[in-house]
Amino acid sequence: MDELLKWGSEVGIQLPNGIEFVRDEKKGLTAICTSPEGLKQPSISAPLDALITNELAEKVFGKKDNTLLKFLLAKLKFDPEPTFIDNGAINLKAKFTPYLNALPKVVDSPIVWNPKEIALLDNTNLSNSLRERLYTIFKQWYDMIQENETLKSLESEIIHDMELYQQWDQLTMEHVYDGIIVKTVELNPTHWCSFSSFLWSHLIFTSRAFPEYVINAGNCEESAIMLLPIIDLLNHDYTSKVEWATDNKHSFILSLLNDDIKKGDELFNNYGAKGNEEILNGYG
């Protein structure tokens, strides 16, 4: 955490005085108020250069696309080689290493539960939709490999996963778990372009992504997403009053509008009203 916060300061992420990040056994990392005097409707800001956006995906893969952005995160995490942009001027892997190291090993979504755990969901909506949801992610991965020249050139490196996709209708969930998901859970994919890598990245985005239009309204697809290092550490509370905004430099600014913050209180973001099923699927 110290490494991440030091990096955040170096890249221009600004935290108000009176915030401390503390690890909680149940919640993981939490943002705690240590000095309410310094937290009268505080804000946290992150400059555009500190964000992981579709612009970076375009520089690496030639196109702005949420799926390619997931491939980019997988590449930065699992490819041992540098990922250069701007004619070699910037190594994205080196630049974002402190953030990559701070990301969770796995998001405990039902998508990556083992067959015995999934059996506990029998006769629920979650259980009935799980295989279809996983196939949708698998198809997203497969279709983009067919479409993008850079990814397609790596097809021979991921032939096992390609074959599993093509055999999907014949696979049991046990085969899928043993052949793919175990590698995701153990953070041990065979290649950065593998489906195991992509699935890890997909879950990171479902649990941490923000809409890009907040900083780039009118210049991006409405569905475009991005990652906000450090800002994404704040947990969710649907009663928390927050504002997401930007400035003329396209920084992301999160303002906490609650006026009754006390010392020791946890500081929350607000992802909007979501049911338990959506929270479990998206956030684990």
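Structure's up top.
About the criteria used
- Residues numbered from 1 in each chain as written.
- Predicted model: local features only at pLDDT ≥ 70, side-chain atom pairs only at ≥ 80, totals over all residues.
- Heavy atoms only, no water.
- Salt bridge = Lys/Arg side-chain N within 4 Å of Asp/Glu carboxyl O.
- Helix = DSSP H or I, 4+ residues; strand = E, 2+ residues; numbered from the N terminus.
- Phe/Tyr/Trp six-rings, centres within 6.5 Å; stacked < 30°, edge-to-face > 60°.
- Buried < 20%, exposed > 50% of the residue type's maximum accessible area, 1.4 Å probe, protein only.
- Lys NZ or Arg CZ within 6 Å of the ring centre and 35° of its normal.

Focus on the pattern of salt bridges
- Counted under the stated rule, the structure contains ten salt bridges.
- Among the ionic pairs, Lys95 bridges to Asp49, the shortest N-O distance being 2.9 Å. You can see Lys95 sitting in helix α4 (residues 92–102) and its partner Asp49 sitting in the loop between β3 (43–46) and α2 (54–61), a full 46 residues away along the chain.
- A salt bridge links Asp265 to Lys262; the shortest N-O distance between them is 3.7 Å.
- Within this structure, Glu55, Lys59 and Asp86 form a network of salt bridges that share partners.

Side note on unusual backbone geometry
- Not every positive phi belongs to a glycine, and Ile230 is a case in point at roughly 75°.
- By the secondary structure assignment, Ile230 is in the loop between β7 (225–226) and β8 (242–246).

Describing the packing of aromatic side chains
- Here the structure, examined in full by the defined rule, presents 17 aromatic pairs.
- Look at Phe210 and Trp244: their rings are 5.0 Å apart centre to centre, the planes differ by 55°, and that puts the pair in the tilted class. Taken as a pair, Phe210 in strand β6 (residues 210–211) and Trp244 in strand β8 lie far apart in primary sequence, 34 residues in all.
- Overall, Phe210 belongs to the buried group, its relative accessible area being 3%.
- Since its relative accessible area comes to 28%, Trp244 is described here as partly exposed.
- Ring pairs connect the aromatic residues Phe71, Tyr135, Phe138, Trp141, Tyr142, Tyr165, Trp168, Phe195 and Phe198, which therefore count as one cluster.
- Its end group placed over the ring of Trp192, Lys75 keeps NZ or CZ at 5.4 Å from the ring centre.
- Here the guanidinium or amino end of Arg131 rests over the ring plane of Trp168, the centre of that ring lying 4.7 Å away.

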